[in-house]
Amino acid sequence: MPIHEKSLIRPEDLVEGSGEAHIIDGVDVSGHWSTFIKSRVVKDYNEDMEAEIAALPGGEFIHRCWQCGSCTNACTVNAINPDFNPRYWIYLIRTGMEEELLRDKDIIWQCVSCHKCSYTCPRDVLPEGVMKATAHWLELKGHTPKSHSTVFDEVFAEQVIKTGKIEEGRVLRRFLTRTGQPLLQGWVLTMALRMIRHFPIKLMIHMGLANFIHPRTSGWGRARAAIEEYVEEQEAEHRKALKLDQPAE
Ligand code: SF4
Ligand code: SF4
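Report on the accompanying structure.

Rules of the game
- Residues numbered from 1 in each chain as written.
- Chains lettered and ligands numbered in written order.
- Predicted model: local features only at pLDDT ≥ 70, side-chain atom pairs only at ≥ 80, totals over all residues.
- Helix = DSSP H or I, 4+ residues; strand = E, 2+ residues; numbered from the N terminus.
- Rg over C-alpha atoms; globule rule 2.2 N^0.38 Å.
- Buried ≥ 20, exposed ≤ 12 C-beta atoms within 10 Å, placed from the backbone.
- Contact = placed C-beta atoms within 7 Å.
- Near = placed C-beta within 6 Å.
- Nonpolar A, V, L, I, M, F, W, Y, C, P; charged D, E, K, R; others polar.
- Expected span 1.5 Å × (residues − 1).
- Axes fitted to C-alpha atoms, helices over the stretch in contact; angles between N-to-C directions.
- Parallel < 35°, antiparallel > 145°, perpendicular 65-115°, else oblique.
- Left-handed = near helix turned anticlockwise from the far one by under 90°.
- Core = buried A, V, L, I, M, F, W, Y, C linked by C-beta atoms within 7 Å.

Describing the overall build of the protein
Of regular secondary structure, the protein possesses 11 helices and 4 strands. Taken over the C-alpha trace, the protein has a radius of gyration of 25 Å; the compact-globule value for 249 residues is 18 Å, which it surpasses by more than 25%. Viewed in the frame of its principal axes, the protein has a C-alpha envelope of about 90 × 45 × 35 Å. Counting across all 249 residues of the protein, residues that qualify as buried make up 17%. Long-range pairs, those at least 24 residues apart, make up 62% of the contacts in the protein with a sequence separation of at least 6.

Shown next, in the form of structure tokens:
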């Protein structure tokens, strides 16, 4: 019988005995003799999962992983939540264990993009990118709602594509509005006060005016058209890789 490390088994998959005392020849042998691991039946194997995630930005090098665990060992989030395990998720993706991966769908987005995993990975898998691609895959497949991080990316990209400029104040205002958050929050006020104290007055006036004037980079029209075409192509490719436009069987 194989020996399993208990910490790697989900508690709901462990069946333990009644806890009654077992005395044999006067020796107390009660404990965990009658502990069983429920057999797993894989009924949702998704043989395309690795290819689907590899088709999204950041997931390209997932095939290089040799499961050394250095990424998880270095991970900032894993240090405070052992369930956050990039190595394990890469294993599940590569073996097509979709149902098992979905059990952790609500924590995968928690990656803080510190890149410690990518720095330490001996195979240049770029696990940070894989985490991003996986979170994106979960959203595209409808397993998780759009995260605030995705909404921020959308607001940021929309503005850059439209105007050729980054106006931080406007990005922040739109992000807060689109995610249903109040414009005046403690951290926003603290940041504004610090900016007033430390930023040059000219820059502050520029940032304030940008909320109303919406400055644009001159001659941006052609660049915008090319970027929009590229984004459209990429989104179509991602939808194709994930078979999102195919009618349900
Ligand atoms: S550090 Fe790299 S090779 Fe090692 S498990 Fe993580 S992703 Fe795979
Ligand atoms: S980038 Fe994400 S997965 Fe990588 S170490 Fe940081 S928190 Fe962990």
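There's plenty left to go through after this.
Focus on the environment of Ile 90
Mapped onto the elements of the fold, Ile 90 is located in helix H3 (residues 86-95). Sequence-wise, Ile 90 and Asn 78 are 12 residues apart; in three dimensions their C-alpha atoms are separated by 15 Å. Those residues in contact with Ile 90 that lie beyond four places of it in its chain are Ile 62, Cys 65, Pro 127 and Val 130.

Some points on the site of ligand 1
Taken together, the neighbourhood of ligand 1 is formed by 14 residues, with Cys 65, Cys 68, Cys 71, Cys 121 and Val 125 sitting nearest. When residues of the shell around ligand 1 are traced back to their parent elements, those giving at least two are helix H2 (70-74) and H3. Residue composition of the shell around ligand 1, grouped by class: 9 nonpolar, 3 polar and 2 charged.

Things to note about helix H10 (residues 201-213)
Compared with the 18 Å implied by 1.5 Å per residue over 13 residues, the 18 Å span of H10 between its first and last C-alpha is a close match. Among the 13 residues that make up H10, 0 are buried, leaving the element largely open to the surroundings. Two residues or fewer past H10, His 214 is found with a positive phi of approximately 55 degrees.

Quick word on the packing of helix H7 (residues 148-163) against helix H8 (residues 168-178)
Contact geometry of H7 with H8 gives a least axis separation of 9 Å together with a crossing angle of 135 degrees. On the basis of their axis angle, the class for H7 and H8 is oblique. Here H7 runs over H8; the crossing is right-handed. Contact with H7, carried on its side by Val 151, Phe 152, Val 155, Phe 156 and Gln 159, involves Arg 170, Val 171, Arg 174, Phe 175 and Arg 178 of H8 and no other residues of that element. For the contact of H7 with H8, the per-class residue count stands at 6 nonpolar, 1 polar and 3 charged.

Digging into the site of ligand 2
Around ligand 2 sit 15 residues, and of these Cys 75, Cys 111, Cys 114, Cys 117 and Glu 128 come closest. Listing elements by their share of the shell around ligand 2, those giving two or more residues are helix H5 (116-120) and helix H6 (127-140). Per-element accounting of the shell around ligand 2 gives the leading share, 3 residues, to H6. Residues belonging to the shell around ligand 2 are distributed by class as follows: 10 nonpolar, 3 polar and 2 charged.

So, helix H9 (residues 186-198)
Given 3.6 residues per helical turn, the α-helix brings residues three or four places apart onto the same face. Helix length check: H9 (13 residues) gives 18 Å between terminal C-alpha atoms against 18 Å at 1.5 Å per residue, within 8%. When you tally the buried positions in H9, you get 0 out of 13 residues, a small fraction of the element.

Examining the nonpolar core
In terms of nonpolar packing, the biggest core is built from 26 residues, with Ile 53, Ile 62, Trp 89, Ile 93 and Val 130 touching the most fellow members. Of all the secondary-structure elements, those providing two or more residues to this core are helix H1 (49-54), H3 and H6. The dominant element in this core, judged by the number of residues it contributes, is H6, at 6 residues.

Examining the environment of Leu 172
Note that Leu 172 resides in helix H8. For Leu 172, a count of 16 C-beta atoms within 10 Å gives the class partly exposed. Sequence separation between Leu 172 and Gly 69 is 103 residues, and the spatial gap between their C-alpha atoms is 37 Å.

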